[in-house]
Amino acid sequence: MKRTPLVLLTAVMLFGRAYAGDDASGPIHYGTDFSEPFTTYAMSAHDKQWSRSLLRNLKYGGAVVHFVRTSLPLQVDGSSIEGAIYQAVKKADLFYVINGDVMMQMGTRWLFNPGVGGFSMHAPKSRKFIVCLNRSGGVPFLSSSPVQKGPVNWKGQDWTRFK
């Protein structure tokens, strides 16, 4: 019977791969429609100064992505919420949703939760824009539809970085 643990270990290694945190899906139904026209907030000189000051105070010299608030409505379990969807300023195909902590890139199969690898987001009290640091990937929402110009739906959690 000394072989049983070895056989079991071998079987697990060959057939039973499990990855912790490989799906960020949850019970809440979210959705938006990227085929609808929308507007975006334009960052002011004061906003850009706020961002530069943040980077200087954090002594951060890496890549920065600025997101600005859009007029796209977010559907959450049948209710419509305004001001929750942001678009990247220099990467028009990249979006962030505050409710549920979701990142979306047009043309990709899944949305993802960006909270890995030192990722952080900062916003002034107005929340008209967000400064994103260390954006490098995340955990997919396997329940999502593809990210496309049209309806996008997913099931997620009630997570938010901003209270």
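All of these numbers come straight from a predicted model, not from anything done at the bench.

So, how was this worked out
- Residues numbered from 1 in each chain as written.
- Predicted model: local features only at pLDDT ≥ 70, side-chain atom pairs only at ≥ 80, totals over all residues.
- Heavy atoms only, no water.
- Helix = DSSP H or I, 4+ residues; strand = E, 2+ residues; numbered from the N terminus.
- Expected span 1.5 Å × (residues − 1).
- Buried < 20%, exposed > 50% of the residue type's maximum accessible area, 1.4 Å probe, protein only.
- Arc of directions from axis to C-beta.
- Contact = heavy atoms within 4.5 Å.
- Pairing = 2+ DSSP bridges.
- Axes fitted to C-alpha atoms, helices over the stretch in contact; angles between N-to-C directions.
- 1 Å grid on protein atoms, 1.4 Å probe; cavity = no way out; pocket = protein on both sides within 12 Å on 5 of 7 lines; lining within 4 Å.
- Points joined across faces, edges and corners; volume = space filled by probe spheres on them.
- Nonpolar A, V, L, I, M, F, W, Y, C, P; charged D, E, K, R; others polar.
- Core = buried A, V, L, I, M, F, W, Y, C linked by side-chain atoms within 4.5 Å.
- Phe/Tyr/Trp six-rings, centres within 6.5 Å; stacked < 30°, edge-to-face > 60°.

Turn by turn, an α-helix covers 3.6 residues, leaving residues three or four places apart pointing in a common direction. Taking 1.5 Å of rise per residue, 14 residues should cover 20 Å, and helix α2 (residues 45-58) covers 20 Å from first to last C-alpha, within 8% of that figure. Every buried residue belonging to α2 is among D47, S51, L54 and L55, and all of these are buried. Buried residues in α2, looked at end-on, bunch into an arc of 95 degrees, giving them a common side. Of the exposed residues in α2, the ones pointing more than 90 degrees away from its buried face are A45, H46, R56 and N57. Considering only its buried residues, α2 is in contact with β2 (64-69), β9 (120-122) and β10 (129-133). K59 lies just past α2 and shows a positive phi near 55 degrees.

Moving on, we get to the sheet that holds strand β12 (residues 151-156). The sheet built from 4 strands is open, its strands ordered β4-β3-β1-β12 with antiparallel pairing. At either margin of the open sheet sits one strand with a lone partner, and together these are β4 (79-81) and β12. Adjacent strand axes in the sheet meet at a mean angle of 25 degrees when their direction is disregarded. Of the pairings in the sheet, the one linking strand β3 (residues 74-76) to β4 comprises 3 bridges and is antiparallel in character. Paired with Q75 across the two strands is S80, which belongs to β4.

Even without glycine at this site, D101 takes up a positive phi of about 55 degrees. Although it is not a glycine, R127 adopts a positive phi angle of roughly 55 degrees. Among the secondary structure elements, R127 is positioned in the loop between β9 and β10. Its relative accessible area of 23% is what places R127 among the partly exposed residues.

In this model, the largest pocket occupies a volume close to 170 Å³. Around the largest pocket sit M43, V64, V65, H66, A88, V89, K90 and K91, which together line it. It is β2 that provides the largest number of residues to the lining of the largest pocket, a total of 3 residues. Residues belonging to the lining of the largest pocket are distributed by class as follows: 5 nonpolar, 1 polar and 2 charged.

Turning to the nonpolar core, a few remarks are in order. As a rule of thumb, soluble globular proteins bury nonpolar side chains together. In terms of nonpolar packing, the biggest core is built from 17 residues, with L74, V97, V102, M104, L111 and W154 touching the most fellow members. For this core, the secondary-structure elements that each account for two or more residues are β1 (28-33), β3, β6 (94-97), β7 (102-105) and β12. Setting aside anything within four residues of it in sequence, one finds M104 in contact with F34, D93, L94, F95, V97, L111, V147, V152 and W154.

On to the packing of aromatic side chains. Under the counting rule described, the total for this entry stands at 5 aromatic pairs. Considering the side-chain rings of F34 and F95, the 4.6 Å spacing of their centres and the 50 degrees angle between planes classify their relative orientation as tilted. Residue F34 is found in the loop between β1 and α2, and its partner F95 is found in strand β6; the two are separated by 61 residues along the sequence. Per residue, the accessibility class of F34 equals that of F95, and both read buried. A centroid spacing of 6.2 Å and a plane angle of 55 degrees characterise the contact between F67 and Y96, whose relative ring orientation is tilted. Separated by 29 residues along the polypeptide, F67 in strand β2 and Y96 in strand β6 bring together distant segments of the chain. Overall, the relative accessible area of 0% leaves Y96 in the buried class. Connected via pairs of aromatic rings, a cluster forms that spans F34, F38 and F95.

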